[in-house]
Every structure is written in structure tokens, then in C-alpha cells.
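Chain and residue survey
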Amino acid sequence: MSRIFKQRATIYGLLLFFATRMVAGQSVSQTQPAQYLIPTISGTGVVNEFNRLSSIHMSGKGITLQTDDTASYLLLRWKGVRANTLGNTPRFRLCLVSGQRTFQYLEVLSADNRPIGTMDLSISASFQLIEWLIPKEKLKTVLDSGLKIRCRGKGNPVTFFIPSADVPPAFYPHLLVPGQVPTKDEFIRQMASRSSLTNYGWQEGCVLDGLAALSANLPPNNACRQALNDHLKLIFEKGQAPEMDGSIEATLCIAQLALNDPRHPEIDKALAFWTKKEDSEGGIIDGSQTAAEGNYTVGWPLAVLANQLNRPDLAEKSITQLRLRRDRLVDAQGAIWLRHYRNGNPQRTYKLWSRGVAWYVLGLAKSLDALPSPPADLITELQRTARFLLPYQTEEGLWRVFADDPQTAPETSGTAGIGAALAIGVRRGWLGADADRAARKALNALYGRLTPDGFLTAVAHSNMKEGGETFQRKTKGTILQFGMGMMAQLVAELDAHDTRTRRLNQLNATKNLVALWDFNEPEGQPRKALGQAAFALTEQNGTLPRLPEGPLSGYSTRFGNKAYLSLPHTETGKLNIHGKKQGVTVLAWVKWTGEQTGFVGGMWNEYQNGGKRQYGLFVSLPYYNGRNQVCGHISRTGKPTPPFPYSIDYSASKQEVPANEWVCVAFTYDGNEIRSYLNGVFEQRAPELINNTKGFAGYPDGLTQSKNPYAYPDGMGNNGSDFTVGAVLLKSGMGNFFKGQIGGLAVFDRALSERELKQLAI
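Okay, so let's go over this structure. (Residues numbered from 1 in each chain as written. Predicted model: local features only at pLDDT ≥ 70, side-chain atom pairs only at ≥ 80, totals over all residues. Heavy atoms only, no water.)

A word on the pattern of salt bridges
With the rule as written, the count across this model stands at 42 salt bridges. Between R194 and D230 there is a salt bridge, with its nearest N and O atoms 2.8 Å apart. Of the two residues, R194 sits in the loop between α2 (183–191) and α3 (202–216) while D230 sits in helix α4 (residues 223–236), which places them 36 residues apart along the sequence. By relative accessible area, R194 is classed as partly exposed at 21%. Assessed through its relative accessible area of 21%, D230 is described here as partly exposed. For the salt bridge of D498 with R440, the shortest nitrogen-to-oxygen distance reads 2.9 Å. Taken as a pair, D498 in helix α14 (residues 481–509) and R440 in helix α12 (residues 433–448) lie far apart in primary sequence, 58 residues in all. You can call D498 partly exposed: its relative accessible area is 26%. Among the charged side chains, a salt-bridge network with shared partners connects D68, E107, R150, R152 and K154. (Salt bridge = Lys/Arg side-chain N within 4 Å of Asp/Glu carboxyl O. Helix = DSSP H or I, 4+ residues; strand = E, 2+ residues; numbered from the N terminus. Buried < 20%, exposed > 50% of the residue type's maximum accessible area, 1.4 Å probe, protein only.)

Okay, here's the thing in C-alpha cells:
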């Protein structure tokens, strides 16, 4: 932090309202959200400006107090505040610019120097919110005369955020006015902003993972996605590399960087950094210390990179980290320790420290979830760990700071990480109903520990050597954003499970469902339908990786390597939909790369016997006015449309399919018209000249008609095609390869209504 001027600080007060009523891209309430009352700030503190804080490239201002100096103080005053607006538990807050590795506190006085409270600064971190719950009998003094703040205890000067353009208002000194918005919505709002920023490294990595998890459940360009992009930009896009600071704890952010930009130059630096950290057994560790953090800060990013870069060697390295930590950190009784020291005495420290346990089990679960072929022995370890931990969950639903020590306080960040790991295991089918109940119980308890404006309390303080295990056994917790990031992963996992369950139930309850694939199966296995029959689609021309995201099962199949899925015509059964007035609907959830024509699914063969076209869903058929649009193809004869060289008979949506976003694409045919839908919405296209139709017999000036709906009263033929997903047979061989992910595919033997499609697409 660069000090640029010194003066007696005087900052004009203001009343700040959060007027924006959009949470994660959707309006959540018409009621008033929490508000922050910003005081007039004066006193003798030194005002400083900075443009970088813990590798976060954010400009801002701070005000610094000297410690044990009665001449160094802040004076904060509010005008016209009614006591009854501050709720049953009035809260005053400051947010730290400087981290304090010592045992210090703030002395809270009235303006005339009468002591009225203290605020603990011990072993604190940058971005940490320090909160004083104002006793009711002191509130009149606060509102009438204001607060005087001085720093006490041996240590460094302390700096707090003050109002500036790039700093979120939650970091300003303030009194909290509770709103009427549910605390869960307030929590999402705080996450989806700069209020969730924290120190670069494992702390900010937890937040990035939480934002990514929340974003995956929401429409494109939601507030959580925008916040994720903003956080990544603040870290990685200023031309200065983040500081690795010599520890493997610093590399967790690489996972989300890789998922967003796998070719970013910082990734090569991280890979080189990990290589330097390898011990003789392949463990990526700090010196002689093996820490539980490594499952999460190394194992998980390596598993992500293995997928993103198609690097099996990185998958093996990820597996090595998980196995070595299992072997080094788990004792004979099954307890998990935070640290193991080669030739150390003691060899292990911090037994069942809940945040360390969370790093171990969450890193294990997330890595196994991302690995294309998770090893059986590590799945067994996840199951063993879950069985070991469940009895330590308190009646409230939290795990304690030290899970086996009932004298330590309930702790929220460890609880959130353990709960998220359990929820991942349940989704994958590795853990059962007892784990699901424990995860939901944990989340309910975490909701109970949120402040009225959505910050998570009872997070154990940063584990610095100056505090050690003794301090951790005494801590009652504080507000630290990384705990919110871990909680967000649990929120997202359970919300996604419930949403997927509702969507699957809704699909299964929709009349005339023939087949529904959720793409839950791993690479190398047939993809089986959930409808009237299995309709097992088998991989052709290679294998298709499974990725750990998708709208139905939480998974999807990645296409793009010229492999595809196929079901022989002889096994199509009720998928062989045909007839003069027969209807059909094909809908799918896809994340398309935006490259080339892509066949999603259906019975479509353009070559054998002149063509065996029947019905098919495509993305982007540009030749006849369907570039980057949802296209639904129908054919009666299976052949090209006379007099043209290709089949022209397809609808094309008015909307374009966005690249690299999850969307629902669909078409319907009712025996008369083909209609294309994007995210359940039909938009009509006016009649237009169809490209490449001029000069053909009967069409000297070309064909003019609407592409949506597309009139086609001829019906569907029984033309003998296989059912394929991801490619069709062309004259040159298999082609029109879909590039991207498919996370759900459904076929109905009737034309669904727009209302039905809207409900299914949400």
C-alpha cells in the first residue's frame, strides 16, 4: 500500500441504499434490502490510496490508526438515525485493509472518551469484516454523539477501508439497517459482487469456486457469472502475475482460470511451480510439510487442467496428490490431520480441525468429480471419510472448530466444505441418503448463521503461526469471505440437485415422452434413456468425455473429437416416429462452441440409398437461412427437396444460439408446420428469400417463405435411419459434428406447446 498524503481525515457522511433488486440475474423480491448507514468520518487517521491489495488489482482508500497511541483515532458520527431502524441486534462494522498477525483490539469510546465496547482484531486478514454488536443500552450514546475508535495492543498500525469508487459499500464503515429480503437472497447478492473479494490464494479460490457453482444454476450472463468474470479480471488481467508466495496454498484460483481460459499464460507458471514442489514420491508439498489444503489447492486444479488440456498425465498427478495425502494425513483410527511433517516430532498436527478436514474431503470430492476415470480406492476413501465424519455433526448441523472437541465453537467454513463434499458424493451416487440428510442439515444451520445482509458468521479465524492451535481452540469465529465461497458451493450443489430433480420429474410427467437421456454415464459407457426403453446410445469413432456440469444430471457429454453416439435402426423402436400427420418434438440442453454446423440428435442420414432423412435437430444450417440458429429438419422421402440439391425443409429460429452458454434448443412438428425454439421461446420470422434457391426449375427468382414456422404438410417418412447424437452420415462419411457439450436430450411423439416448452426449458 503506497502512502501518498497525510492529513486530518474528514470524509462527508452519506446514507447508502442498495437499490438494485436483481440477484443472480433474476428479481428476487419487491421488499427493501439491507442498507448501510455511512458516517461522517473525522479524526487523526492517515488516509492512504492503494491500487493493489493481496494481488487483487483494485484501487481504493484506507485510513490508518497507530496502535497504543491515544492521539490516533477515528471519530464517526451519524445524523437523524432512528434506533428502531437498526433491528433487534444493532451492528457496527469496519473492514480491514491490513491483516494483523498479532493480538490487538479496537477500543470503542463515546465522543467524550467514555469506553463503551471493544472489537477484536486478533489474527485477522485483509478484507475481514470486524463487527460490534451494539448493546441496546449503548445505542443512544452511539447515535447521539458518535463513536471514537482507537487501536490497542502490541502490533502494527491498522488500516480500514473508507469510501472510494472501486470498493464495495459493504467495506465502508457503517451501521447496518436490516432489510426485508430473505437472508439467502442477501447472501447470493453479497457473493455476486465485490463484497466477496478476499485475499488471493486459497481464500479467493474458494470464492471463485462458489461463484462458478452458483452461476452454473442460473441463466446466461447472470450476476454471479459477471462477478466471477470481474474477480478473475481483478486478479489475472492487469499484466502482473499474482504472487505464488512460495506455497501450494496459493494455486487454488488456477482451477477457475483454467475453466475460463485454459491457455492463459499463468497456467504454465502454475504447472512449473508445482513441478518444483514435487517430492521424491510425486507429492506436491511445501518443504517437508504435507497439508490437507493440497487436495483442494493442487489436486482439484490438476484434475480440471487434465480435462481442459486433454492431459492424462495431469490426471495421474492429481490422483497422486489425493493418495499421498490419504496415506500421510489419516491416522490408524481414521482421523484426518491438517499437516504431516517428514521426520517431524510430532509427525502430525491439528487433528480433525474442521476447515482442514473440509479442504481434504472437498478437494477429494471435487477432484474425483472432475477426473474422467476416478479410481475406486479414492471413492472408497470418500465413503470412509463420510462415515467417519457424520457422527461428529452437532444437533444444530455444524461441525466444531475441532470436530472431536466439544469445548470448541461450532464452525461454519469447515461445515460448508464438508457439506459440499457430501452433496457431490450424493450426486455421483457414491454416498447415500444419510450423507444427503447431513448436507441439508448443514445448510440449514449455515443459513441460521447469516447476518441480516447475508454475510456468514462463525468462520474460524485465519490459521497463522502467531496464533497456532491454542488460538484456534479459543476462537468463536468471525466474518471471512472464503467461508461464504465454501457455503456457496453447498448451496449450489443442493439447489442444482433439487432443480434437476424437478426438471426430470417434469419431463417424465410430460405426455408422450419416448426417450430422455441425462448423460450421467462416464466416458466409454452407453448413454441410456430414462423413458419407455433404455435406447442405449453407444460411442462410435472414439470415446466421449463426461464433464461435471449439466442441467439434468449435473453432467454432460463433450463432443468435438469426431466421436458420436449411435443407436442402430433395428433398435430404434418407438423412436422411429413417422406418419402423414404424426407429430414429434426434439429438445436438448447444449453448450455449443459456436463453430460449424452441429447435429444434436435424431434420425437423419443424408447418404445411404440417396438419403434416409426423417427428423433431426441441428444447430446452425447456414445454406438455407439457418446460420447460428436452432434448426428442425423433417423429411417424408428421405431425399433432397426437389428441385434443390439438398433438403431445404427445416425451420430456423429467429434468435441465434449463443456460444459457450447452456441453452435449451428444440423443434416441434405437428404434421403441418415445423417450429424452432430457443430456451422455450418461439419467434416468428417473416417470409424471406431463401439463399441458394435462385435459378432452379420453377424458382427463377428463388424461393420466398417463412423459416419459422416452416410450412411442411407432407409428413415424416419411415426411411430407415439410425438414431444418432452428435453427427450424421454424409456422402463424405460422418459429418456435421457437434462441437460442445450436450447435457440432456428428449424426444416426444407429439408436438409440445410453447407453454410446455417454456416450462421445460427454465
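Focus on the sheet that holds strand β7 (residues 60–65)
Spatially, three strands are ordered β6-β7-β14 in an open sheet, and the strand pairing comes out antiparallel. Edge strands, defined here as strands with exactly one partner in the open sheet, are β6 (46–50) and β14 (158–162). Mean inter-strand twist for the sheet, computed between neighbouring axes without regard to direction, equals 35°. Pairing geometry for β6 and β7, over five bridges, is antiparallel. (Pairing = 2+ DSSP bridges. Axes fitted to C-alpha atoms, helices over the stretch in contact; angles between N-to-C directions.)

Quick look at the nonpolar core
With 132 residues, the main nonpolar core has F161, W274, L422 and M487 as its most contacted residues. Setting aside residues no more than four positions away along its own chain, L422 makes contact with A386, L390, W399, L431, A435, A438 and A439. V514, W517, M603 and L730 belong to the second largest nonpolar core, which has 56 residues in total. (Core = buried A, V, L, I, M, F, W, Y, C linked by side-chain atoms within 4.5 Å. Contact = heavy atoms within 4.5 Å.)

As for helix α8 (residues 312–329)
The terminal C-alpha atoms of α8, which comprises 18 residues, lie 26 Å apart, in line with the 26 Å expected from a rise of 1.5 Å per residue. Within the sequence span of α8, burial applies to L314, A315, S318, I319, Q321, L322, L324, R325, R328 and L329. (Expected span 1.5 Å × (residues − 1).)

What to know about the environment of K366
Structurally, K366 can be placed in helix α9 (residues 354–370). C-alpha of K366 to C-alpha of E493: the two residues are 127 residues apart in sequence and 12 Å apart in space. Setting aside residues no more than four positions away along its own chain, K366 makes contact with D209, Y296, W300, I424 and Q489.

Looking at the sheet that holds strand β13 (residues 147–152)
What the five strands build is an open sheet, ordered β5-β8-β13-β10-β11; its pairing is antiparallel. Every interior strand has two partners, whereas the edge strands, β5 (40–43) and β11 (115–120), have only one. Across the sheet, the mean angle from the axis of one strand to that of its neighbour is 25°, orientation sign disregarded. Across five bridges, strand β10 (residues 105–109) lies against β11 in antiparallel orientation. Residue Y105 lies in a different strand from β11, and its bridge partner there is D120.

Examining the environment of Q256
Note on placement: Q256 falls in helix α5 (residues 254–260). Since its relative accessible area comes to 5%, Q256 is described here as buried. Taking C-alpha positions, Q256 is 8.3 Å from L232, a pair spaced 24 residues apart along the chain. Not counting residues up to four positions away in its chain, the partners in contact with Q256 are L208, D209, A212, L228, L232 and W300.

Structural notes on the packing of helix α7 (residues 293–308) against α8
Put simply, α7 and α8 touch, their axes get as near as 7 Å, and they point 160° apart. Regarding the angle of α7 to α8, the classification is roughly antiparallel. At the point where α7 passes α8, the crossing takes the left-handed sense. Across the interface between the two elements, G294, N295, V298, G299, L302, A303, L305 and A306 from α7 touch L314, A315, K317, S318, Q321, L322 and R325 from α8. Here the contact of α7 with α8 is built from residues that sort into eight nonpolar, five polar and two charged. (Parallel < 35°, antiparallel > 145°, perpendicular 65-115°, else oblique. Left-handed = near helix turned anticlockwise from the far one by under 90°. Nonpolar A, V, L, I, M, F, W, Y, C, P; charged D, E, K, R; others polar.)

Concerning the packing of helix α11 (residues 412–428) against α12
At a minimum axis distance of 8 Å, the contact between α11 and α12 shows a crossing angle of 145°. Crossing hand, α11 versus α12: left-handed. Residues T412, T415, A416, G419, L422, A423 and V426 of α11 form the contact with α12, whose own contacting residues are A435, D436, A438, A439, A442 and L446. For the contact of α11 with α12, the per-class residue count stands at nine nonpolar, three polar and one charged.

Concerning the pairing of strand β25 (residues 564–567)
Because side chains alternate across β25, one face comprises the buried residues Y564 and S566, and the other comprises L565 and L567, equally buried. Here strand β22 (residues 538–540) runs beside β25; their pairing, made up of three bridges, is antiparallel. Bridge assignment links Q540 to a residue of β25, and that residue is Y564. Sheet topology places β25 next to strand β36 (residues 723–725); three bridges connect them, and they run antiparallel. What sits directly across from L565, in β36, is V725.

Some remarks on empty space enclosed by the protein
Scanning the entire structure with this criterion turns up one cavity of 30 Å³ or more. Taken as a whole, the largest cavity spans an internal volume of roughly 40 Å³. The wall of the largest cavity is formed by D369, A370, L371, P372, R428, E523, R546, L547 and P548. Secondary structure elements with two or more residues in the lining of the largest cavity: α9 and β23 (546–547). (1 Å grid on protein atoms, 1.4 Å probe; cavity = no way out; pocket = protein on both sides within 12 Å on 5 of 7 lines; lining within 4 Å. Points joined across faces, edges and corners; volume = space filled by probe spheres on them.)

Don't take any of this as a statement about function, it's just geometry.
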